[in-house]
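# An overview of the molecular structure
What follows is each chain in one-letter form.
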Amino acid sequence: MISSPKISDSRSDSPVDPGRVGVSVYITERDLEAALRRDATVGLSATPKELPPRWLYDEVGSKLFSRITRLPEYYPTRREHSILRTHAEDICAVSEADTLVELGSGSSEKTEELLGAMSRFGRLRRFAPFDVDEVTMRDTVGRIKMLYPGIDIDGVVGDFEEHLGHMPTSGRRLIAFLGGTIGNLGPEARKRLLGSLASGMSPGETLLLGTDLVKDRRRLLAAYDDAEGVTAAFNKNVLAVLNRRLGAHFELDNFDHVAVYDDELQRIEMRLRSRSTQVVAVDALDIDVKFDEGEDLRTEISTKFTVGQVEEELRAAGLEPVACYSDPGRDFAVSLARR
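Given the structure is predicted, the values throughout are model-derived calculations rather than measurements.

## Digging into the environment of Phe 291
Position of Phe 291 among the secondary structure elements: in strand β12 (residues 287–291). On the accessibility criterion, Phe 291 (0% relative accessible area) is buried. C-alpha of Phe 291 to C-alpha of Glu 313: the two residues are 22 residues apart in sequence and 37 Å apart in space. Aside from chain neighbours lying at most four places away, what touches Phe 291 is Lys 49, Phe 250, Phe 255, Ser 274, Ser 276, Thr 277, Gln 278, Val 280 and Leu 297.

## Here's the deal with the side chain of Glu 269
With respect to the element layout, Glu 269 can be found in strand β10 (residues 267–274). A polar side-chain atom of Glu 269 sits 3.5 Å from a polar atom in the side chain of Arg 298. Ignoring any residue separated from it by four or fewer positions in sequence, one finds Glu 269 in contact with Val 258, Ala 259, Val 260, Arg 298, Glu 300 and Ile 301.

## A few points about the packing of aromatic side chains
All chains considered together, the criterion is met by nine aromatic pairs. Measuring from ring centre to ring centre gives 5.3 Å for Tyr 57 and Phe 234, while their planes differ by 65 degrees; the resulting arrangement is edge-to-face. Of this pair, Tyr 57 sits in the loop between β3 (49–50) and α2 (59–68) while Phe 234 sits in helix α8 (residues 230–246), placing them 177 residues apart in sequence. What makes Phe 234 buried here is its relative accessible area of 2%. Consider the rings of Phe 65 and Phe 234, whose centres lie 5.9 Å apart with planes at 40 degrees: the pair is tilted. Here Phe 234 lies in helix α8 and Phe 65 lies in helix α2, a separation of 169 residues in the sequence. The exposure class of Phe 65 is partly exposed, given its relative accessible area of 24%. Aromatic rings pair up to connect Tyr 57, Phe 65, Tyr 74, Tyr 224 and Phe 234 into one cluster. Just above the ring of Tyr 75 sits the side chain of Arg 219; from NZ or CZ to the centre is 4.9 Å.

Scoring rules and cut-offs
Per-chain numbering applies: the sequence of each chain, read as written, is numbered from 1 onward. Note on the predicted model: pLDDT of at least 70 is required for a residue's local features to be given, and 80 or more for side-chain atom pairs to be given and counted; whole-chain, interface and lining totals, by contrast, use all residues. In computing side-chain properties, one takes all heavy atoms of the structure into account and sets aside hydrogens as well as water. Every helix listed is a DSSP run of H or I at least four residues long, and every strand listed is a run of E at least two residues long, numbered separately from the N terminus. Think of it in three bands: residues with accessible area under 20% of the maximum for their type are buried, residues over 50% are exposed, and the middle band is partly exposed, with areas taken using a 1.4 Å probe on protein chains only. We call two residues in contact whenever any of their non-hydrogen atoms come within 4.5 Å of each other. Identification of polar contacts relies on pairs of N or O atoms within 3.5 Å, with a donor-acceptor requirement for protein atoms, meaning one able to donate a hydrogen and the other able to accept it, and with residues adjacent in sequence counted only if both atoms are side-chain atoms. Classification of ring pairs uses Phe, Tyr and Trp, with its six-membered ring standing for Trp, and accepts pairs whose centres are within 6.5 Å; under 30 degrees between planes counts as stacked, over 60 as edge-to-face, and the remaining range as tilted. Only when the NZ atom of a Lys or the CZ atom of an Arg is both within 6 Å of the ring centre and within 35 degrees of the ring normal do we say a charge sits over the ring.

Right under this line is the structure:
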């Protein structure tokens, strides 16, 4: 954690643009480099081998994921956006929020549905995006400021598993955690995160949680292993990240992208499967990583939920479910819960 965050702030004296803009940075490139070294050291020596999904999203990976969201097989982004488009005003009316906090904000494209609804209600006072990437954050802050020049914007660059305590606390907040990202965490990590969010919320504040729902396994597998091979390229790109940032010597063609569904845990696992027995040197860590033929390196989990399970986990964290919004096909759910 950085004890003295880098803060940029500007305030316009124009009556047309009175809002304040600030971006606080709690995680730097040096911090990210240390985290990558730690995760790679632990994950590549573990049994089974694994890497956290955060390292999938460098500049190349983020562009590939953007392509994935537009593929015919990949339904979650479209379904969630349609839910928000249909129910944004209901959500804002129930929450009575004047401040929108968004975890893992990215470009905040879907969140614009909520911002627009809050603005139409005359309640939008503040937007607080939270993301790990500073460049993306500053682009998002600039774009939202142009759309809503009269509001305050307080961006936070950090890791939501470490820096939640730096989220802005003033106003009546609606905290949005969308995209099904909660499913990338295992049960204990979800419990910790939801508990931390709930403990930091004031009575009456609300959490909006996006979750992918359990469905036919063939559709799930297709969503994570598309016919064009975009997801395969996205998954293999994590090896390119290790090569570039840690001096690793992965040959991407020596691994196959694999998506499997675990019926017991109700989750998709993305893996990279070694085509042969091989040893990969990672120069920056001074280690050699041995892979057996057919051995997997897990790069992401994506849990699928039932509505009842989501409500149970929210209640266990100290939040009371208020409403659940879904698409007609019940592919995806957006749940609203109150502290």
